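Listed below are the residues making up each chain.
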Amino acid sequence: MTLPAGIQPLAAFAPLLRANGFAVAPDQVMGFIEGVGLLGPSNITDIRRAAVAMLAIPQDRRAEFDALFDAQFLGAALPQAVPADEEEVEAHEGTGETEEIPADPSDEDPGEEATATERLGQRALEDRPEEALALLRRQATHLPRRRSYRLRAAKQGRTPDLRRTLRDAVRRDGEIMTLPVRRRRTRQRRIVLLIDVSGSMQERTEGALRLAHTLVRHAERAEVFTLGTRLTRVTPALRLQNPGRALDRASALIADIDGGTRIGEAMEAFLAIPRYAGFARGAAVVVLSDGLERGTPDALIAATRRLRRVAWRLDWLTPIPGAEPRGLTEIAPLLDTLGDGTTTEATVRHLLSMAKAA
């Protein structure tokens, strides 16, 4: 489908930003185009302001953005391009759309068994139900909850229920015998699982995805992403009722399964897309990873610090108890829990125990 001539320069601006390291999601591009239409811009400054607002341009990269904007809309010379061999972490939605996020990995201090080489592949996931998953299904209502803004009728509370009071008064010829009250409802906090599917986590990948399927099916609100050399959202695939079909579909989506490791860059990709970052706001975020990161852990530390600010709590479960790679050692003070993720049972019990902190 050919876009109208007036929209083509606006739509072409997004690929230019992505090629230069800006995280621009498809829904942001649509918002930018709609915003320009609503403004009915009288000059180029209105378009620039709409782009800054709707594309969520970081303040520290404003000068770089302005140079690209001038090149696209004013015909100025393009700034120096990003090197072609620079590695990138991609964010993948189940719809097949891709969002490229830049990474700047270093060759110093390589993590044990971790690699930045992206090896794409798929692996069949066998069906092996566990008692731990049955426990999660039975006790899904015990996951962390928070108070909602909605009210419900209650026997005890501080908020008078005026509607019930008036209805009762009508039935009793205007007499009020008792004062009905309401209290705030509760709802489950969103659980966000970030699952490391790199080669060093190969033995735990299947168990983690089985747990994720059970969580998505039985929790009120849950989101699941996989981390490797890219970021992939697998929640839609895991909503299928049949575990075998759900895992087959998830496996088909995860192109970097058993591949390399760039946890920090993948977490930054998660935070760079507003819709994904919104999933973590006020949520219980649980990372299932061994923390074996390539290069310096600077990106991992920065992403963990940002994620900790928006999440209700941030827990990291590792399958290597007692062994903490440099990255985990650095981020440990930022975590609510650095716990045991050696088995599915241990992970399930940790998820259920988080309710005590609610």
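Refer to the preceding data block for the structure.
One structure accompanies this document, and this report is about it. Note that this is a predicted model, so its numbers are computed, not measured.

As for its placement among the helices and strands, valine 24 is situated in the loop between helix H1 (8-19) and helix H2 (26-39). Owing to a relative accessible area of 0%, valine 24 belongs among the buried residues under this scheme. Through-space distance from the C-alpha of valine 24 to that of leucine 55 is 6.3 Å; in sequence the pair is 31 residues apart.

When charged atoms on two side chains of opposite charge get close, those side chains can pair. For the structure shown, the criterion picks out 12 salt bridges. Residues glutamate 64 and arginine 61 are paired through a salt bridge, measuring 3.0 Å at the closest nitrogen-oxygen approach. With relative accessibility at 32%, the residue glutamate 64 sits in the partly exposed group. Look at arginine 61 and you get partly exposed, because its relative accessible area is 23%. The partner of arginine 308 in a salt bridge is aspartate 336, with the nearest N and O atoms 3.1 Å apart. In this pair, arginine 308 sits in helix H12 (residues 298-310) while aspartate 336 sits in the loop between helix H13 (326-331) and strand E11 (337-340), placing the two residues 28 residues apart along the sequence. Note on arginine 308: relative accessible area 26%, which makes it partly exposed. Residue aspartate 336 is classed as partly exposed on the basis of its relative accessible area of 34%. A network of salt bridges, in which partner residues are shared, links Arg48, Arg62, Asp66 and Asp70.

Turning to the packing of helix H7 (residues 202-218) against helix H9 (residues 243-253), a few remarks are in order. At their nearest, the axes of H7 and H9 sit 10 Å apart, and the two run at 120° to each other. With respect to the hand of their crossing, H7 and H9 are arranged in right-handed fashion. Residues Leu209, Arg210 and His213 of H7 form the contact with H9, whose own contacting residues are Pro243, Ala246 and Leu247. Grouping the constituent residues of the contact of H7 with H9 by class yields 4 nonpolar, 1 polar and 1 charged.

Whether parallel or antiparallel, the strands of a sheet pair through hydrogen bonds between backbone atoms. Spatially, E3-E5-E4 is the arrangement adopted by the 3 strands of the open sheet, whose pairing is antiparallel. Here the strands that pair on one side only, and so sit at the sheet edges, are strand E3 (145-154) and strand E4 (159-160). Two elements, E3 and strand E5 (residues 181-188), share 7 bridges in a ladder whose sense is antiparallel. Bridge pairing in E5 links alanine 154 to valine 181.

Attention now goes to unusual backbone geometry. Glycine aside, residues mostly have negative phi angles, and peptide bonds mostly take the trans form. The residue aspartate 258 is not glycine, and still its phi comes out positive at about 60°. When its relative accessible area of 9% is taken as the criterion, aspartate 258 is described as buried.

Leu193, Ile195, Leu215, Val224 and Leu238 are the most contacted members of the largest nonpolar core, which has 34 residues in total. Going through the elements one at a time, helix H5 (131-138), strand E6 (191-196), H7, strand E7 (222-227), helix H8 (235-238), H9, strand E9 (284-288) and helix H14 (344-353) are the ones with two or more residues in this core. Tallying contributions element by element places H7 first for this core, with 6 residues. Setting aside residues no more than four positions away along its own chain, leucine 193 makes contact with Leu211, Ala212, Leu215, Glu223, Val224, Phe225, Val286 and Leu288. Counting 29 residues, the second-largest nonpolar core is a separate cluster that includes Ala266, Phe270, Phe279 and Ile301.

Following the sequence through the fold, arginine 204 ends up in helix H7. Among the residues examined, arginine 204 registers a relative accessible area of 16% and is labelled buried. The residues contacting arginine 204, other than those within four sequence positions of it, are Pro319, Gly341, Thr342, Thr343, Thr344 and Thr347.

Let us look at the packing of aromatic side chains. Applying the stated criterion to the full structure yields 10 aromatic pairs. Centroid distance phenylalanine 69 to phenylalanine 73: 4.6 Å. Interplanar angle 40°. Geometry classified as tilted. Taken together, the residues phenylalanine 69 and phenylalanine 73, both in helix H4 (residues 62-73) and 4 residues apart, mark about one turn of the helix. A relative accessible area of 0% means that phenylalanine 69 is categorised as buried. Look at phenylalanine 270 and tyrosine 276: their rings are 6.3 Å apart centre to centre, the planes differ by 25°, and that puts the pair in the stacked class. Take phenylalanine 270: its relative accessible area is 1%, and that puts it in the buried class. Among the residues examined, tyrosine 276 registers a relative accessible area of 3% and is labelled buried. Joined through ring pairs, the aromatic side chains of Phe13, Phe65, Phe69 and Phe73 make up one cluster. Directly above the aromatic system of phenylalanine 22 lies the positively charged group of arginine 61, at a separation of 3.9 Å from the ring centroid. Its end group placed over the ring of tryptophan 312, arginine 313 keeps NZ or CZ at 5.8 Å from the ring centre.

Conventions and cut-offs
Residues numbered from 1 in each chain as written. Predicted model: local features only at pLDDT ≥ 70, side-chain atom pairs only at ≥ 80, totals over all residues. Heavy atoms only, no water. Helix = DSSP H or I, 4+ residues; strand = E, 2+ residues; numbered from the N terminus. Buried < 20%, exposed > 50% of the residue type's maximum accessible area, 1.4 Å probe, protein only. Salt bridge = Lys/Arg side-chain N within 4 Å of Asp/Glu carboxyl O. Axes fitted to C-alpha atoms, helices over the stretch in contact; angles between N-to-C directions. Left-handed = near helix turned anticlockwise from the far one by under 90°. Contact = heavy atoms within 4.5 Å. Nonpolar A, V, L, I, M, F, W, Y, C, P; charged D, E, K, R; others polar. Pairing = 2+ DSSP bridges. Core = buried A, V, L, I, M, F, W, Y, C linked by side-chain atoms within 4.5 Å. Phe/Tyr/Trp six-rings, centres within 6.5 Å; stacked < 30°, edge-to-face > 60°. Lys NZ or Arg CZ within 6 Å of the ring centre and 35° of its normal.

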